[in-house]
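# Summary of the model geometry
What follows is the residue order along each chain.
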Amino acid sequence: MTAASTASAAPRTDRQHMMRIAVIWVVLSVIGMVLVYFVWGPHMPPGKDSDQARVQQDGNRLLGTIAVPVFVFVWVYLGYVLTNWRVKSSTPVDEVGDGPPLKGHAGFQAIWLGVTTATVLALFVFGTVDLAHNDGAGTGSGPSPIWTPTGYDANAAQSKLLVVQVIGQQWRWTFRYPQYGGFESDVMVVPAGQEVQYSVTSLDVIHSFWAVNLGIKADANPGVNNVAFGTADKIGSVNIRCDELCGLYHGSMTTTGKVVSPADFKTWATKASSTYQQLIPFLPPYADIYLPQSDGGYYDPGQDPLPSGPPPGPASPSVIP
């Protein structure tokens, strides 16, 4: 046997193994990060139907890209170990032993702590900036939001934003429009290009209002006004569902909203307000929250006394002319 063949047959050192693992890891990580960010990223949920949705999609692209090296390292290391250090089935049991003990490496530990700490802090700054820049990025911010858009006022009557009150109850969604007389509809309609204040509450148990493709999500808690902001850009339908287990028919608590042009919204809201004019007195006055009746009714009659006489039969304002 020649010296060259003897050298080639010599077992690899730990450093050589680590170099091979590192090269494979880096190459696959770069390929994976490019594919996730540029190929998969533009198709990640919740899409691009609103400013808030785009912000969330960008966040998902970033988090997905950052996760690739971690995911790849786990599988590369596992595959390498199984390929190079797996004990052969023919090896006698009494010859199978543990490897040499591993001891701490101060340099590696310092790098690990430094990289992970910097990553977490960078993501914290990134997320905070996104929340501040996009008025909460479509999340429920409670009754007193930290970040609010221009024109916001806690009093719906004075707000320059379009206010849509989202009311959850077992097992449906209804929507009130205080700036159009306070009528209530079973269909959510919002105009494209206009910032909307979603005031989310519940009449019974905890629900979660999720306008999926608009990137709007806020818990609907009884006795709480949970405010979120959003601007829809794309005319079309809105997939609305409950995202909090709320009882037997939670899975059926879905509906479809609409994003329409500002002119069509004005026409719809004006017509709905006129159509429901006789019914509005039978609803409680608009408020941030409503108290359910102890007998299972929707509103507290002590808080909201009803006018005498039966309500007239309504015509649905759900269809946009």
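Throughout what follows, the structure given in this document is the object of discussion. No experiment lies behind these values; they were computed from the predicted model shown. Along each chain, residue indices are assigned from 1 in the same order as the chain's sequence is written. For this predicted model, a pLDDT threshold of at least 70 governs which residues receive local features, and a threshold of 80 or more governs which side-chain atom pairs are given and counted, while totals over whole chains, interfaces and linings are taken from all residues. Side-chain metrics rest on all non-hydrogen atoms present in the structure, leaving aside hydrogens and water.

Buried Ala, Val, Leu, Ile, Met, Phe, Trp, Tyr and Cys residues form a nonpolar core when they are joined through side-chain atoms within 4.5 Å. Burial classification: accessible surface area is computed with a 1.4 Å probe over protein chains only, and a residue below 20% of its type maximum counts as buried, one above 50% as exposed, and the rest as partly exposed. Core analysis: the largest hydrophobic core is formed by 38 residues, its most contacted members being Tyr 177, Met 188, Tyr 198 and Phe 209. Going along the chain from the N terminus, every DSSP run of H or I of four or more residues is numbered as a helix, and every run of E of two or more is numbered as a strand. In terms of residue count, helix α5 (residues 262–275) provides more of this core than any other element does, four residues in total. Contacts between residues were defined by any pair of non-hydrogen atoms, one from each residue, lying within 4.5 Å. What Tyr 198 contacts, discounting residues up to four positions off in sequence, is Val 164, Val 166, Met 188, Val 190, Phe 209, Leu 214, Ile 216, Asn 226, Val 227, Ala 228 and Gly 230. With seven residues, the next largest nonpolar core counts Val 36, Met 44, Val 76 and Tyr 80 among its residues.

On to helix α2 (residues 14–40), then. Each residue after the first adds 1.5 Å to the expected span of a helix. The end-to-end C-alpha distance of α2 is 36 Å, a good match for the 39 Å that 27 residues give at a rise of 1.5 Å each. Those residues of α2 not exposed but buried are His 17, Ile 21, Ser 29, Gly 32 and Val 36. Along its buried surface, α2 packs onto α3 (51–84).

The next subject is unusual backbone geometry. For the peptide bond that leads from Pro 45 to Pro 46, omega is 5°, which places it in the cis range. Within the fold, Pro 46 resides in the loop between α2 and α3. The residue after Gln 170, namely Trp 171, is reached through a cis peptide bond having omega 0°. Assignment of secondary structure puts Trp 171 in the loop between β1 (162–169) and β2 (172–177). Its identity is not glycine, yet Ala 137 carries a phi of approximately 55°, on the positive side. In this structure, Ala 137 sits in the loop between α4 (106–133) and β1.

Turning next to the packing of aromatic side chains. Pairs were defined over the aromatic rings of Phe, Tyr and Trp, the Trp ring being its six-membered one, requiring ring centres within 6.5 Å. Orientation was assigned from the angle between planes: stacked under 30 degrees, edge-to-face over 60, tilted for the rest. What the rule picks out here adds up to 15 aromatic pairs. Pairing Tyr 152 with Phe 229 gives two aromatic rings, centres 5.4 Å apart and planes at 90°, and the pair type is edge-to-face. Here the residue Tyr 152 occupies a position in the loop between α4 and β1, and Phe 229 occupies one in strand β8 (residues 226–231), the gap between them amounting to 77 residues. Centroid distance Tyr 177 to Trp 268: 5.3 Å. Interplanar angle 70°. Geometry classified as edge-to-face. With a gap of 91 residues between them, Tyr 177 in strand β2 and Trp 268 in helix α5 connect regions that are remote in the sequence. Neither residue differs from the other here; Tyr 177 and Trp 268 are each classed as buried. An aromatic cluster is built from Tyr 177, Tyr 180, Phe 183, Phe 265, Trp 268 and Tyr 276, whose rings are joined through pairwise contacts.

Across the eight residues of strand β5 (residues 195–202), seven count as buried, placing the element largely inside the fold. Two strands are said to pair when DSSP picks up at least two bridges between them. Alignment of β1 against β5, held across seven bridges, turns out to be parallel. Looking across to β5, one finds that Val 166 is bridged to Val 200. Pairing geometry for β5 and β8, over six bridges, is antiparallel. Pairing of Gln 197 across the sheet is with Phe 229, part of β8.

Moving on, we come to α3. An ideal rise of 1.5 Å per residue puts 50 Å on 34 residues; α3 measures up with 50 Å between its terminal C-alpha atoms. By the largest-angle criterion, Ala 67 marks the main kink of α3, which is about 30°, and a proline, Pro 69, follows within four residues. Along α3, the residues classified as buried are Gln 52, Ala 53, Val 55, Gln 57, Gly 59, Arg 61, Thr 65, Val 68, Pro 69, Val 72, Val 76 and Tyr 80. On its buried face, α3 sits against α2, α4, β5, β7 (216–220) and β8. Two axes enter the definition of the bend at a residue: one is fitted to the seven residues ending there, the other to the seven starting there, and the bend is the angle between them.

These values are about where atoms sit, not about what they do.
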